[in-house]
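Structural features, examined
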Amino acid sequence: MDTSAIPWTTKVRGRFRGRMASGVVALVPIVVTVAVLRFLFSATSSVLLPLIGPAVAAWPPLARAALSLAILLAVIYVLGELATNLVGRRILAFVESVVLRVPLVKVVYSASKQVAAAFDGQKARAFKSVVYIEFPRQGMRAIGFETSTTTDDSGAVWSTVFVPTTPNPTTGFLQIVPVDDVIRTDYSVEDGIKIVMSLGVLAPEFEMRA
């Protein structure tokens with residue numbers, strides 16, 4: 001194809017769209033990472049600063065914030081070290097067993113851990129397939145992850161589908177829909193997660209399967 005025949009305005013629009021798409025792809029992981037770190041930083045500060053407040057009361061606010069950040073990074077690093085060696089795994093398993101004995105905390109901790117594991121690249125098998133369902137209203141479609149199927153007393157088969165929010169796929173909506181209403185795709189689970197986290201920029205072509 002002779003590109004010289006393409007109007008310059010079309011080239012500019014194409015270049016602009018391409019650069020914007022690349023920018024979104026680069027920005028989304030940064031935003032998600034910053035949001036998670038900000039949450040962890042706030043949680044760490046709210047716990048540690050009241051404890052060490054008297055000792056650092058004379059410090060400037062920026063220095064206290066830096067101290068909280070340093071402590072957070074140290075905690076993350078230590079947990080990483082513990083999680084990658086045998087003794088550390090046993091310690092974490094013991095702490096986890098203690099946490100799981102607390103009724104309400106047990107539910108929150110277990111659910112959070114399972115959601116995090118589900119989006120782990122090595123453990124994405126928790127999601128069986130990537131599908132589309134009619135959501136949030138008739139005539140619209142939402143991408144979701146089929147997690148299981150069940151059969152009711154009448155013999156009807158239902159699919160349990162998790163519809164994630166974007167760009168943070170660890171939250172969303174749980175929908176139970178007739179299996180015949182599920183539109184199946186050829187996407188891998190990794191493709192589905194990329195679509196959600198990229199705001200749809202990385203959506204590949206697919207063929208619908210009944």
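Up top is the structure.
Predicted model only: the values in this text are computed from it and were never measured. For every chain, the first residue of the written sequence is number 1, and numbering continues from 1 along that sequence. At least 70 in pLDDT is required for a residue's local features to be given in this predicted model, at least 80 for side-chain atom pairs to be given and counted, and no such filter applies to totals for whole chains, interfaces and linings, which use all residues. Values shown for side chains rest on all heavy atoms present in the structure; no hydrogens or waters enter the calculation.

**A look at the overall build of the protein chain**
Test applied: Under the DSSP-based scheme used, a helix requires at least four consecutive residues in state H or I and a strand at least two consecutive residues in state E, with every element numbered from the N terminus. Exposure was quantified through the Shrake-Rupley algorithm and a 1.4 Å probe, taking into account, for residues, occlusion by the shown protein chains and nothing else.
Of the regular secondary structure elements, the protein chain holds 5 helices and 5 strands. Seen in sequence order, the protein chain has helices and strands lined up from the N terminus as α-α-α-α-β-β-β-β-β-α. Within the structure as shown, the protein chain displays about 14600 Å² of accessible surface, and the carbon and sulfur contribution to it stands at 67%.

**A closer look at the sheet that holds strand β4 (residues 172-178)**
Note the threshold: When DSSP locates at least two bridges between a pair of strands, those strands are taken to pair. Every residue pair with non-hydrogen atoms within 4.5 Å of one another is taken to be in contact. Between N-to-C directions, angles cover 0 to 180 degrees, with each direction set by a line fitted to C-alpha atoms, over the stretch in contact for helices.
If you walk across this open sheet you meet the 5 strands as β4-β3-β2-β1-β5, and the pairing is antiparallel. Here the strands that pair on one side only, and so sit at the sheet edges, are β4 and β5 (183-184). Relative to strand β3 (residues 157-164), strand β2 (residues 141-151) runs antiparallel, the two being bridged by 6 bridges. Its bridge partner being in β3, F145 is matched across the sheet by F162. Across the sheet, helix α5 (residues 189-197) lies against β1 (129-134), β2 and β3, angled at about 140° from β2, the strand it touches most.

**Considering the side chain of R184**
We apply this condition: Under the rule applied, a polar contact is a pair of N or O atoms within 3.5 Å (in protein, one hydrogen donor and one hydrogen acceptor; residues adjacent in sequence only if both atoms are side-chain atoms).
Tracing the backbone shows R184 in strand β5. Side chain to side chain, R184 and E146 meet in a polar contact 2.9 Å long.

**Details of the environment of F127**
In this fold, F127 is placed in the loop between α4 (103-118) and β1. Each C-alpha atom of the pair F127 and S148 lies 8.1 Å from the other, and the pair is 21 residues apart in sequence.

**Side note on the pattern of salt bridges**
Cut-off, in case you're wondering: The term salt bridge refers to a pairing of a side-chain nitrogen on Lys or Arg with a carboxyl oxygen on Asp or Glu at a separation within 4 Å. Throughout, exposure labels follow a simple rule: accessible area from a 1.4 Å probe, protein chains only, divided by the maximum for the residue type, with under 20% read as buried, over 50% as exposed, and the rest as partly exposed.
With the rule as written, the count across this model stands at 2 salt bridges. The shortest N-O distance in the salt bridge between E134 and R141 comes to 3.5 Å. In this structure, E146 and R184 form a salt bridge, with 2.9 Å as the shortest nitrogen-oxygen distance. A residue pair is termed long-range when its members are at least 10 positions apart, and E146 in strand β2 and R184 in strand β5 qualify at 38 residues. For E146, a relative accessible area of 5% puts it in the buried group.

**Digging into α5**
Side chains three or four residues apart in an α-helix point the same way, a direct result of the helix having 3.6 residues per turn. To be explicit about the condition: Taken from the helix axis, the directions to the C-beta atoms give the arc we talk about.
Inspection of α5 places V189, G192, I193, I195 and V196 among the buried residues, and these make up the whole buried set. Buried residues of α5, seen end-on, are gathered within an arc of 160° and therefore sit on one face of the element. Contact partners of the buried residues in α5: β1, β2 and β3. Positive backbone phi, at 60°, marks L199, one or two positions downstream of α5.

**A look at unusual backbone geometry**
The amide bond that connects F135 to the next residue, P136, takes the cis arrangement and shows omega of 5°. Tracing the sequence through the fold places P136 in the loop between β1 and β2.

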